[in-house]
Amino acid sequence: MDPGFIMGHEAIGIVDVVGPSVKNFRVGDRVVISAVISCGSCDYCQRKEMSLCDRTNSDPDGAQEKLYGHRLGGLFGYSKQLGGFDGCQASHVRVPIADVNLLKIPASLPNEQAICLADIACTAWHGNELANVQKDDTVVVWGCGPVGLLIAYFAKFRGAKLVVSIDEIPYRLQYAKEKAGADIVIDRSNTDVVKKIQELIPGGPDKCIDASAFRYARSLAHKAMRAVGLETDTSEVVNEMITVCRKGKDCSSFIGVLYL
Ligand SMILES: [Zn+2]
């Protein structure tokens, strides 16, 4: 990331100027800007796997391919690793391939709700889709940030009979229980997560969804990596998920999108 790079990948706005190739939007339209930048025409985009777009992330340093083996599509405000696109914390944003990457906002939808469609609500719903959350499932969610909270909320919306949310920050756990529909919360700062889930759900949960990634690493090696700014992803949460999940059931993770 170079000095002056603009951060931010969740935005709504009013269309101010329209490029010559844009067909579906006019000046004055109120729109959500997709966090992910997709071309709309590559093999991945044709399969509606827009965040995996093959064309919009030039990954100029090759960092993502070195770390993960493949490149994701481009993303606003997320460093060279995701294409080097300046982000949305700006007065004006140029949106490439606008017909694919903008969504018109209905007049009835307030800004505070529409903004969730730029990333958080879609990501949370996608987590439920990857884990195939169904009616009467038992679901465990790692992480109670905005995405983890909405994953819990959507799991209940889809009919899950039990949702357990895990975090280590008390106010997040309280919010998960009071507002996001979590039936049980686990504070991982003082709890053996695997043992606790095995006690709560004999045989294991039907669905395990990770929305915490490397944020809950415990190992000394990882703490050292974080301290010097050279951290990589960790498998600690994934190991917990695989250990507790009911035999033959589903785990989904946002660590490079692991889908088991
Ligand atoms: Zn594409």
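In this text the structure is predicted, and so the values were computed from the model without any measurement.

Peer 1: Can you break down the coordination of the zinc ion residue by residue, with the values?
Peer 2: At this site the zinc ion is bound by Cys39 (SG), Cys42 (SG), Cys45 (SG) and Cys53 (SG), with donor distances of 2.3 to 2.4 Å. In this structure, the zinc ion is coordinated by 4 donor atoms arranged in tetrahedral fashion, with angles at the metal of 103 to 116°.

Peer 1: Please set out the nonpolar core residue by residue, giving values where relevant.
Peer 2: Among the nonpolar cores identified, the biggest contains 21 residues, and Val133, Val139, Ile151, Ala155, Ala160, Val163 and Ile209 are the most heavily contacted of them. Every element with two or more residues in this core is listed here: helix 5 (120–130), strand 6 (138–142), helix 6 (146–157) and helix 7 (170–178). Residue contributions to this core peak at 6 residues, all from helix 6.

Peer 1: Tell me about the pattern of salt bridges, residues and numbers included.
Peer 2: For the structure on display, the rule yields 11 salt bridges. The shortest N-O distance in the salt bridge between Asp136 and Lys135 comes to 3.7 Å. Residue classification places Asp136 among the partly exposed residues on the basis of a relative accessible area of 42%.

Peer 1: Describe the packing of helix 5 against helix 6, and please don't skip the residues or the numbers.
Peer 2: The N-to-C vectors of helix 5 and helix 6 enclose an angle of 55°; their axes lie 8 Å apart at closest approach. Taken together, the axes of helix 5 and helix 6 lie oblique to each other. The handedness of the crossing between helix 5 and helix 6 comes out as right-handed. Across the interface between the two elements, Ile120, Ala121, Thr123, Ala124, Trp125 and Asn128 from helix 5 touch Pro146, Val147, Leu150, Ile151, Phe154, Ala155 and Phe157 from helix 6. Of the residues assigned to the contact of helix 5 with helix 6, the class counts are 11 nonpolar, 2 polar and no charged.

Peer 1: Got a sec to walk through helix 8 (residues 193–200)? Specific residues and values, please.
Peer 2: Here helix 8 has its buried residues at Val193, Val194 and Ile197. All buried residues of helix 8 lie within an arc of 95° about the axis, which places them on one face of the element. Opposite the packed face of helix 8, turned more than 90 degrees from it, sit the exposed residues Lys195 and Glu199. Where helix 8 is buried, its residues contact strand 6, strand 7 (162–167), strand 8 (184–187) and helix 10 (236–244). Capping the start of helix 8, Asp192 holds a side-chain oxygen 3.3 Å from the backbone nitrogen of Val194, two or three residues further along.

Peer 1: Report on the packing of helix 8 against helix 10, specifying residues and quantitative values.
Peer 2: Viewed as axis vectors pointing N to C, helix 8 and helix 10 meet at an angle of 25°, and their least axial separation amounts to 10 Å. Between helix 8 and helix 10, the crossing angle belongs to the class labelled roughly parallel. Of the two possible hands of crossing, helix 8 and helix 10 adopt the one that is right-handed. Facing helix 8, whose interface residues are Val193, Val194, Ile197 and Gln198, helix 10 presents Glu240, Thr243 and Val244. Its residues assigned to classes, the contact of helix 8 with helix 10 shows 4 nonpolar, 2 polar and 1 charged.

What counts as what
Residues numbered from 1 in each chain as written. Predicted model: local features only at pLDDT ≥ 70, side-chain atom pairs only at ≥ 80, totals over all residues. Heavy atoms only, no water. Donors = N, O, S within 2.8 Å, 3.2 Å for Na, K, Ca; no water. Tetrahedral: all angles 85-135°; square planar, octahedral: opposite > 155°, others 65-115°. Core = buried A, V, L, I, M, F, W, Y, C linked by side-chain atoms within 4.5 Å. Buried < 20%, exposed > 50% of the residue type's maximum accessible area, 1.4 Å probe, protein only. Helix = DSSP H or I, 4+ residues; strand = E, 2+ residues; numbered from the N terminus. Salt bridge = Lys/Arg side-chain N within 4 Å of Asp/Glu carboxyl O. Axes fitted to C-alpha atoms, helices over the stretch in contact; angles between N-to-C directions. Parallel < 35°, antiparallel > 145°, perpendicular 65-115°, else oblique. Left-handed = near helix turned anticlockwise from the far one by under 90°. Contact = heavy atoms within 4.5 Å. Nonpolar A, V, L, I, M, F, W, Y, C, P; charged D, E, K, R; others polar. Arc of directions from axis to C-beta. Polar contact = N/O pair within 3.5 Å; in protein donor to acceptor, adjacent residues only side chain to side chain.

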